[in-house]
Protein chains: 2
Amino acid sequence: MTSTVMPLHVRIRRDLEDQIRSGALMPGQKVAFEHELMTFYNCSRMTVNKAMSALSAAGLIERRKRAGTFVKLPRLDSTVIDIPDIQIDITARGESYGFELIERRVRTAVTAKERELAGEDGRVLSLTGLHLASGKPLAVEERLINLAAVPQAEAVDFSHLSPGHWLLEAVPWTQVENEISATEADAELTRRLGIEKGQACLVLDRRTWSGPERITTVRQTYDGTRYRLVAHFDTLRRSAPRP
Amino acid sequence: MTSTVMPLHVRIRRDLEDQIRSGALMPGQKVAFEHELMTFYNCSRMTVNKAMSALSAAGLIERRKRAGTFVKLPRLDSTVIDIPDIQIDITARGESYGFELIERRVRTAVTAKERELAGEDGRVLSLTGLHLASGKPLAVEERLINLAAVPQAEAVDFSHLSPGHWLLEAVPWTQVENEISATEADAELTRRLGIEKGQACLVLDRRTWSGPERITTVRQTYDGTRYRLVAHFDTLRRSAPRP
DNA sequence: TTTTTGATAATGTATAGACATATCTATTGG
DNA sequence: CCAATAGATATGTCTATACATTATCAAAAA
């Protein structure tokens, strides 16, 4: 597949990966010793070691001194799913993306949520808007931005600009907390998403930090019939959601 | 924290990680050259290189020849969430776990879903059951197991044994596909989970492979008010769901 | 001015060797 | 027989060096 010449340590790693994936090397089984691979590939131990260390770091194998190297049991309790940025996700599906601002307010933090974000008497920018896929509402977004951390947000016109996408460029985050849940559509959601009353919606709550500082809190509520989170995962590394 | 002496390349990596996390090194900023770190830590280039390569592999930094090394923008479109095994998740919350089998059938693949799993005329084990947290139903599970791949499943008594947990030990997977969606509780879910009719439920569909072979297909439908997926993620590595 | 070319500097890959560390095995001493 | 001990061995770390690769910058040519 890859037309370019592959570095040897990458080739060794891929060979082993392939054997593990295909089942030729099953979990628990012993992998060849470094010195065996070294003679097989006719290379130095450092090169083999680089390949094996990478596999070990990726959690595919376990290495024990004196004993050797063994294929690890993949653990289901740490399976992983991608959570895409909604704008990127929509365009990746080949649909056109749009954002429509419903409400914008600047105020002093009063509610618990606002104070958790901006602290006592901190100022927050509150935005409510709609994410559109091919012109149709896909998700409602309710966002709070900590103006102490992102003062420049106050001057931005978010009428048709996804705040999440803007923030991504303006203030890179270092930590995110995501929470996925389900909720029934209330009257407001029903109206805004144009769905049936009581329909199930997927809710994504996200809080982001930049270093120690809180940046933003957002809740995106998706039309449950039109949106789902998909992830393909294998023992080496996850891949992107399918088209 | 760590009482043992840390290898130098780990220390270098952690120092850089900490600087990135704390905001001392912001995305886009240039990281010191290898030869600078080499004199700073008084070590060889290979040691610095090992640390930097690891950070590069983890996606924290980007390295360009001649130009140097730069802190990467974390990309929201590849944020990640843990999907725990339900049994492990429930016990981790300090609740007692239980499984209750509702229906068990062995049959030849007829529906599209069954044939996708077991192929034309393949035999499948169909299991329906309830996951209980502290004695109360938390999720309904509908599972199909490919008996060609896991013949020993036919002899197992799943009356009070979580099939997913058993499978994990019996047949290690190499690939998983997860899908999260939301649905309204129908009459059957209402009855089995003891919830209100029409309530929103979180649905987790999972398909697993072992090498090229399909192992199982499962749909777990959760009581939306009692279950949510949580993940804390930072630019270096994700951590477990909070208690 | 624009384009080409070439030197330069940074990372990427690989080697051979050295010593450290953990752990398994066999031998020895009680 | 059990326990302590002493190899043996596989991985872990690190060095010093070499050459490959490639983006960048500046000088030379069009």
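Residues numbered from 1 in each chain as written. Chains lettered and ligands numbered in written order. Predicted model: local features only at pLDDT ≥ 70, side-chain atom pairs only at ≥ 80, totals over all residues. Heavy atoms only, no water.

**Student:** An account of the sheet that holds strand β3 (residues 68-71) of chain A is requested, with residue identities and associated values reported.
**Tutor:** Within a sheet, neighbouring strands are paired by backbone hydrogen bonds and run either parallel or antiparallel to one another. All names here are of chain A. Ordered by their spatial adjacency, three strands build an open sheet running β1-β3-β2, and the pairing between neighbours is antiparallel. Single-partner strands in this sheet number two, and they are β1 (30-31) and β2 (61-64). Bridge analysis of β2 against β3 gives four bridges, and the strand direction is antiparallel. Of the residues in β3, the one forming a bridge with Glu62 is Phe70. Its contacts with the sheet put helix α3 (residues 45-57) on β2 and β3, and the angle it makes with β2 is roughly 120 degrees. (Pairing = 2+ DSSP bridges. Helix = DSSP H or I, 4+ residues; strand = E, 2+ residues; numbered from the N terminus. Contact = heavy atoms within 4.5 Å. Axes fitted to C-alpha atoms, helices over the stretch in contact; angles between N-to-C directions.)

**Student:** Outline the protein's contact with DNA strand C, listing residues and values.
**Tutor:** As a matter of local geometry, DNA strand C sits amid 22 residues, with Leu8, Thr47 and Arg66 of chain A together with Arg63 and Arg66 of chain B nearest to it. Atoms of DNA strand C within 4 Å of the protein: sugar and phosphate make up 66%, bases the balance. With respect to DNA strand C, the backbone of Leu8 of chain A contributes an N or O atom lying 2.5 Å from a phosphate oxygen. At a separation of 3.4 Å, a phosphate oxygen of DNA strand C approaches a polar side-chain atom of Thr69 of chain B. Those elements giving two or more residues to the surface near DNA strand C turn out to be α1 (8-22) and α3 of chain A together with α2 (34-41), α3 (45-57), β2 (61-64) and β3 (68-71) of chain B. Looking at the surface near DNA strand C residue by residue, the classes come out as six nonpolar, seven polar and nine charged. (Near = heavy atom within 4 Å. Polar contact = N/O pair within 3.5 Å; in protein donor to acceptor, adjacent residues only side chain to side chain. Nonpolar A, V, L, I, M, F, W, Y, C, P; charged D, E, K, R; others polar.)

**Student:** Got a sec to walk through unusual backbone geometry? Specific residues and values, please.
**Tutor:** Its identity is not glycine, yet Ser134 of chain A carries a phi of approximately 50 degrees, on the positive side. Examined against the element boundaries, Ser134 of chain A turns out to sit in the loop between β6 (123-133) and β7 (136-146).

**Student:** Can you tell me about the pattern of salt bridges, naming the residues and giving the values?
**Tutor:** Enumeration over the complete set of coordinates arrives at 29 salt bridges over all chains. Residues Arg207 of chain A and Glu116 of chain A are paired through a salt bridge, measuring 2.8 Å at the closest nitrogen-oxygen approach. Here Arg207 of chain A is found in strand β9 (residues 200-210), whereas its partner Glu116 of chain A is found in helix α5 (residues 112-118), with 91 residues between them in sequence. For Glu116 of chain A, a relative accessible area of 35% puts it in the partly exposed group. Between Arg13 of chain B and Glu17 of chain B there is a salt bridge, and its shortest N-O distance comes to 3.3 Å. (Salt bridge = Lys/Arg side-chain N within 4 Å of Asp/Glu carboxyl O. Buried < 20%, exposed > 50% of the residue type's maximum accessible area, 1.4 Å probe, protein only.)

**Student:** Got a sec to walk through the pairing of strand β9 (residues 200-210) of chain B? Specific residues and values, please.
**Tutor:** Residues and elements named next belong to chain B. Of all eleven residues in β9, ten are buried; the element is thus mostly enclosed. Two strands pair when backbone bridges link them, and strand β8 (residues 175-184) and β9 are joined in this way by ten bridges, in the antiparallel orientation. By the bridge assignment for β9, Val176 is matched with Thr208. Note: β9 against strand β10 (residues 213-223), ten bridges, orientation antiparallel. Across the sheet, the residue bridging to Arg207 is Thr217, located in β10.

**Student:** How would you explain the sheet that holds strand β1 (residues 30-31) of chain B if you had to name every residue and give the values?
**Tutor:** Residue and element names in this part refer to chain B. Pairing within the open sheet is antiparallel, and its three strands lie in the order β1-β3-β2. Edge positions in the sheet fall to β1 and β2, since each has one partner strand and no second. Note that β1 and β3 share two bridges and pair antiparallel. Residue pairing in the sheet places Val31 in a bridge with Thr69 of β3. α3 rests against β2 and β3 of the sheet, and its axis sits at about 120 degrees to β2.

**Student:** Explain the confidence of the model for chain A to me, and be specific about the residues and the numbers.
**Tutor:** Looking at chain A, pLDDT values average 86 and 88% of them are 70 or higher. Low confidence marks residues 235-243 of chain A, where pLDDT is under 50. Its contacts with residues over four positions away, or in another chain, come to 24 contacts. (pLDDT = per-residue confidence, 0-100.)

**Student:** So what's going on with the nonpolar core? Which residues, and what values?
**Tutor:** Of all hydrophobic cores here, the largest spans 30 residues; its most connected members are Ile180, Leu202 and Tyr222 of chain A together with Ile180, Leu202 and Tyr222 of chain B. When neighbours within four sequence positions are excluded, Tyr222 of chain A is seen to be in contact with Ile86, Leu138, Ala139, Leu193, Cys201, Leu202, Leu204 and Tyr227 of chain A. (Core = buried A, V, L, I, M, F, W, Y, C linked by side-chain atoms within 4.5 Å.)

**Student:** Give me the pairing of strand β10 (residues 213-223) of chain A: which residues, what numbers.
**Tutor:** Residues and elements named next belong to chain A. Burial of β10 is extensive: nine of the eleven residues sit out of reach of the surface. Of the pairings in the sheet, the one linking β7 to β10 comprises seven bridges and is antiparallel in character. The residue bridging Val140 from the neighbouring strand is Thr221, located in β10. A loop of two residues connects β9 with β10, the two strands running antiparallel in sequence, and Gly211 in this loop sits at a positive phi of about 65 degrees.

**Student:** Could you give me a rundown of the protein's contact with DNA strand D, with the residues and numbers involved?
**Tutor:** If you check the shell around DNA strand D, you find 25 residues, and the closest are Arg45 and Arg63 of chain A together with Leu8, Thr47 and Arg66 of chain B. Interatomic distance of 2.5 Å between a side-chain N/O atom of Thr47 of chain B and a phosphate oxygen of DNA strand D. Taken together, the elements giving at least two residues each to the surface near DNA strand D come down to α2 (34-40), α3, β2 and β3 of chain A together with α1 (8-22) and α3 of chain B. Broken down by class, the residue content of the surface near DNA strand D amounts to six nonpolar, eight polar and eleven charged.

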